[in-house]
Amino acid sequence: MRQRLERLPPGHPSSPRTDAPDRNESASSRQVDAVKRDFWSEVPRFLRAWADHVLRWPAERAAAAVDRSRDPAGSWRGDGNQYLNPEQHAQAKDEIINVRQREAILTEHMGETQHENSHGGWLEGLEHRRKGDDRLKEKIADLLDTGAPDATIGEILRQIPDAIRYTFCAELDNYKDVYWDIKERLEARGYEMQYSENHWSDTQYKGINTRWITSDAQRFEVQFHTAESYHAKQHITHEAYERLRNPLTQDDERRELMVFQQEVCSWVTTPEGAADIPNYRTEGD
């Protein structure tokens, strides 16, 4: 996290250089600064809190001991002990290539939608638009074992809602307009919304998550954020989220993680009209 901060341009509100007040500042000056506290002014405090948490709860405490010594050549085993035999792994690699090809077309359309929208919405975090290969293999292995034992690997990959994912950000004043504008433009391209969940009233996460499907049954996700909610999700609470989804994380750490996420989210400003955007879910989704 500290490396991320060092790469920020001078003057960025998240810069650690804005964290500590000058000892020569007057008490009245510090009081004025306190009045101006907002999400960005609190970012250094969040990062210090997370660094302290990692010291007290090293990641190794929630890591599984995975033995790959007896796995046959060509097989794959994940850090959570998910397993694909050599045939399944070969199929998974081929199908992941197909997902990449479908993603290229979707990304082109998302870029066009960004330029066409009339309310200033912008794409953020395109480098994360495709879920990592190992995470996809984990999901494939899990679904083969549980939810879809008779499905082909290609069918499973098409059904993973966030194998391909995008984020649109908007200013606070026109967030609602950006949401409806982007939604209409994606529908005009033939994409069908399957699900929309408004999380702006939640305590652990802020934003709206939507799920879509293409004409060839490829699902993808589109999130709607502000600059604050995106930064909170991607750069402050992401590692806490990963620990919460890890079944090996202990209950007492889970409680601390949830308190941490709640504190961060409490500083994220809810954009005008966000509460008016309804949830939506197609039948059976």
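Residues numbered from 1 in each chain as written. Predicted model: local features only at pLDDT ≥ 70, side-chain atom pairs only at ≥ 80, totals over all residues. Heavy atoms only, no water.

Undergrad: Mind showing me how you'd approach a negative patch on the surface here?
TA: On the surface, Glu171, Asp173, Asp177 and Glu272 cluster together into a negatively charged patch. Along the chain, the position of Asp173 falls in the loop between strand E4 (165-169) and helix H7 (175-188). Using a relative accessible area of 66% as the deciding quantity, one classes Asp173 as exposed. (Patch = residues over 30% accessible without salt bridge, like charges linked within 9 Å, V, L, I, M, F, W, Y side chains within 5 Å. Areas by Shrake-Rupley, 256 points an atom, 1.4 Å probe, with all protein chains shown as cover. Salt bridge = Lys/Arg side-chain N within 4 Å of Asp/Glu carboxyl O. Lys, Arg positive; Asp, Glu negative; His and termini not counted. Charge placed at Lys NZ, Arg CZ, Asp CG, Glu CD. Helix = DSSP H or I, 4+ residues; strand = E, 2+ residues; numbered from the N terminus. Buried < 20%, exposed > 50% of the residue type's maximum accessible area, 1.4 Å probe, protein only.)

Undergrad: Please explain the pattern of salt bridges as it appears in this structure.
TA: Two side chains bearing opposite charge may form a pair once their charged atoms approach each other closely. Taken as a whole and judged by the stated rule, the model has 20 salt bridges. Arg135 is paired through a salt bridge with Glu138; the nearest N and O atoms lie 3.6 Å apart. Pair noted here: Arg135 and Glu138 are both in helix H5 (residues 133-145), with a separation of three residues, about one helical turn. Judged by its relative accessible area of 15%, Glu138 falls in the buried class.

Undergrad: Is there a simple way to think about the packing of helix H4 (residues 86-116) against H5 in this case?
TA: Two quantities define a packed helix pair, namely the angle between the helix axes and the distance between the axes. The geometry of H4 relative to H5 is characterised by a closest axis approach of 11 Å and an angle of 125 degrees between their N-to-C directions. Classed by the angle they form, the pair H4 and H5 counts as oblique. Here H4 and H5 pass one another in a crossing that is right-handed. Judged by residue contacts, Gln88, His89, Ala92, Lys93, Ile96 and Arg100 of H4 engage Asp133, Leu136, Lys137, Ile140 and Leu144 from H5. Residues that form the contact of H4 with H5 fall into these classes: five nonpolar, two polar and four charged. (Axes fitted to C-alpha atoms, helices over the stretch in contact; angles between N-to-C directions. Parallel < 35°, antiparallel > 145°, perpendicular 65-115°, else oblique. Left-handed = near helix turned anticlockwise from the far one by under 90°. Contact = heavy atoms within 4.5 Å. Nonpolar A, V, L, I, M, F, W, Y, C, P; charged D, E, K, R; others polar.)

Undergrad: Is there a simple way to think about the side chain of Lys233 in this case?
TA: Within the secondary structure, Lys233 is located in helix H8 (residues 227-236). Despite its burial, Lys233 remains without a salt bridge, the nearest opposite charge being carried by Glu221 at 6.8 Å. Here Lys233 is in contact with Thr167, Tyr205, Gln223, His225 and His238, once residues within four sequence places are set aside.

As far as function goes, none of this settles anything; it's purely spatial.
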